[in-house]
Amino acid sequence: MAGLRKINQDDLRNHNLSVTIDALLSAKTPMSRADLAKETGLTKATMSLLVSMLLESGVAEEGEPIAAASYGRPSTPLRIHGGRIAGIGLQVNTDGYGCLALDINGDTLGREWVNDDMTDSDPQHVFARLDAMTATLEQQLARRKCTVAGTGLALPGVITGNRLAVARNLGWTDLDLTRFDVVRRLDAIPGNEAKMAAIAQIPGYATERADFLDVVDRRDSFIYVSTDVGIGGAIVRDGEVVRGSHGFSGEIGHLSVAMDGPRCTCGRRGCLEMYAGRRAMVEAAGLADGGLATKSDAVRRLLDGWRAGDPQITAVIDRAIDALVSAIASAVNLIDVDTVLLGGLWTHFGDELTIVLENRLREEIVGPADMTVRVATPPVAEHPSLYGAAERGLRRFIDDPLRFIGA
């Protein structure tokens, strides 16, 4: 029997640093050393040493001391300091591709995005362009003396390890992602775009918590639904995205809502994507067909027609909402969460849609009679997969801080 690996002092310090950074990122307000010790369960002496390391490395900074209400010494608040550690996000989507650099304090340090129809695009060409634009971004970070902790890569498909099994809306199948220079050079972590977008909604996941991120908390559980050309989804349990055994958990777009419905690109009938996906709604409304149905102009006409009360478009949207209610209720009944974040195209329908969905879902849930499913728009709605991919890269620093700031 192989002997158990011993935990040395550096392992313990690394773990404690990780826990401390996580607490700083998740905090709603700046925390003092005493606050951190109480939150993490570490001794005050240990916390004093860890905070000194974070201050000396430039990862944290001290604020102005706050006087105690009645007696005792003033406490000094601590917060994450920017300019030292960053993550890079890469994304290829149906409507374009790009890269983003994200500071651990939440600042965007650089971004480039190319709008283009990516249907049946050449992956070699696309990744070569990503490589070129990311090299420029890396040069900018190097001039700032900012260390890249890691890189995430968001793709609209099923991913297992470093292999893209299929991305139907791109026309890509069975791709070894490590064949591309940019993936190897940056050791990019690939993931499904909806799962990366879900990461972007978790406050304090890998960047300092933003003031506006109050829809969910750091350790909450929720379903994220992303409506693009098709529909993707992710399950978040206790603040972590659930991958599943093969990497495709949360594919709510391929829940069947009608056994005799139209044939989906996945081969099944009546998938949610065939009723509530962007392309499906545009085509059903008679606004465009094929590749033209994915264009932004067609989507704009769909939204304008719905707001104007066009009867054909209204009927298409009503049918899509019926399908959404059916699929979301099935998902909630299966995994037992009480929050749904509805992203992508559906964010343009406003609060009226979320109220309708909440009221109708109340009748479909098998939980307690007083249970309410909250439906909300995501806090991060613009390029959330790109943002989440950068956070996924940044998480490498939080999980292994000594690798980047030394002993």
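Residues numbered from 1 in each chain as written. Predicted model: local features only at pLDDT ≥ 70, side-chain atom pairs only at ≥ 80, totals over all residues. Heavy atoms only, no water.

- An unreviewed UniProt entry annotates the protein chain as NagC family transcriptional regulator originating from Bifidobacterium parmae.
- Annotation of the protein chain in UniProt includes, under Sequence similarities (unreviewed entry), the sentence "Belongs to the ROK (NagC/XylR) family." (UniProt positions renumbered as here; feature names shortened; annotations may be inferred.)

**With respect to the sheet that holds strand 12 (residues 231–237)**
Next, step 1: Overall, mixed pairing links the five strands, which are arranged 13-12-11-14-15 in an open sheet. Where the open sheet ends on each side, the last strands, each with one partner, are strand 13 (240–241) and strand 15 (374–376).
Next, step 2: Across two bridges, strand 12 lies against strand 13 in antiparallel orientation. In the sheet register, R237 faces strand 13, and the bridge partner there is E240.
Next, step 3: Of the strands in this sheet, strand 11 (222–227), strand 12 and strand 13 are in contact with helix 6 (residues 193–200), which crosses strand 12 at around 50°. (Pairing = 2+ DSSP bridges. Helix = DSSP H or I, 4+ residues; strand = E, 2+ residues; numbered from the N terminus. Contact = heavy atoms within 4.5 Å. Axes fitted to C-alpha atoms, helices over the stretch in contact; angles between N-to-C directions.)

**Digging into the packing of helix 6 against helix 12 (residues 384–399)**
Next, step 1: Where helix 6 meets helix 12, the closest approach of the two axes is 7 Å, and the angle between their N-to-C directions is 75°. Taken together, the axis directions place helix 6 and helix 12 in an arrangement best described as roughly perpendicular. Where helix 6 abuts helix 12, its residues E193, A194, M196, A197, I199 and A200 lie against P384, S385, Y387, G388, A389, E391 and R392.
Next, step 2: Of the residues contributing to the contact of helix 6 with helix 12, the split by class is eight nonpolar, two polar and three charged. (Parallel < 35°, antiparallel > 145°, perpendicular 65-115°, else oblique. Nonpolar A, V, L, I, M, F, W, Y, C, P; charged D, E, K, R; others polar.)

**Here we look at the pairing of strand 14 (residues 339–344)**
Next, step 1: Buried residues dominate strand 14, accounting for five of its six residues.
Next, step 2: Bridge count for strand 11 against strand 14 is five bridges, and the pairing is parallel. Each bridged residue has a counterpart across the sheet, and for Y224 the counterpart in strand 14 is L341.
Next, step 3: Sheet topology note: the strand 14/strand 15 ladder contains three bridges and is parallel. Bridged to T339 within strand 15 is R374. (Buried < 20%, exposed > 50% of the residue type's maximum accessible area, 1.4 Å probe, protein only.)

**Considerations on helix 11 (residues 350–361)**
Think of an α-helix as 3.6 residues a turn; residues three or four steps apart then line up on the same face.
Next, step 1: Between its terminal C-alpha atoms helix 11 stretches 17 Å, which fits the 16 Å expected from 12 residues at 1.5 Å a residue.
Next, step 2: Regarding helix 11, the residues found buried are L353, T354, L357, E358 and L361. Relative to the axis of helix 11, the buried residues are bounded by an arc of 130° and lie together on one face. Facing away from the buried side of helix 11, by more than 90 degrees, are the exposed residues D351 and E352.
Next, step 3: In the core, the buried residues of helix 11 are packed alongside helix 10 (311–335), strand 14 and strand 15. (Expected span 1.5 Å × (residues − 1). Arc of directions from axis to C-beta.)

**Section: the packing of helix 2 (residues 33–40) against helix 3 (residues 44–57)**
In helix packing, the relevant descriptors are the interaxial angle and the interaxial distance, both defined with respect to the helix axes.
Next, step 1: Relative to each other, helix 2 and helix 3 sit at 115°, their axes nearing to 9 Å. Crossing angle aside, the handedness with which helix 2 passes helix 3 is right-handed. Of the residues in helix 3, those in contact with R33, L36, A37 and T40 of helix 2 are K44, M47, V51 and L55. (Left-handed = near helix turned anticlockwise from the far one by under 90°.)

**A closer look at the pattern of salt bridges**
Next, step 1: Within this structure, the stated rule accounts for 21 salt bridges.
Next, step 2: The residue D228 makes a salt bridge to R278 at a minimum N-O spacing of 3.3 Å. Residue D228 is found in the loop between strand 11 and strand 12, and its partner R278 is found in helix 8 (residues 278–284); the two are separated by 50 residues along the sequence. Comparing D228 with R278, the two get one shared label, buried.
Next, step 3: A salt bridge links D297 to R300; the nearest nitrogen and oxygen atoms lie 2.5 Å apart. Of this pair, D297 and R300 are both found in helix 9 (residues 296–308), three residues apart, which corresponds to roughly one turn of the helix.
Next, step 4: The partly exposed category is assigned to D297, whose relative accessible area is 36%.
Next, step 5: What emerges from the salt-bridge pattern is a single network uniting D22, R218, R219, E240, R395 and D399. (Salt bridge = Lys/Arg side-chain N within 4 Å of Asp/Glu carboxyl O.)

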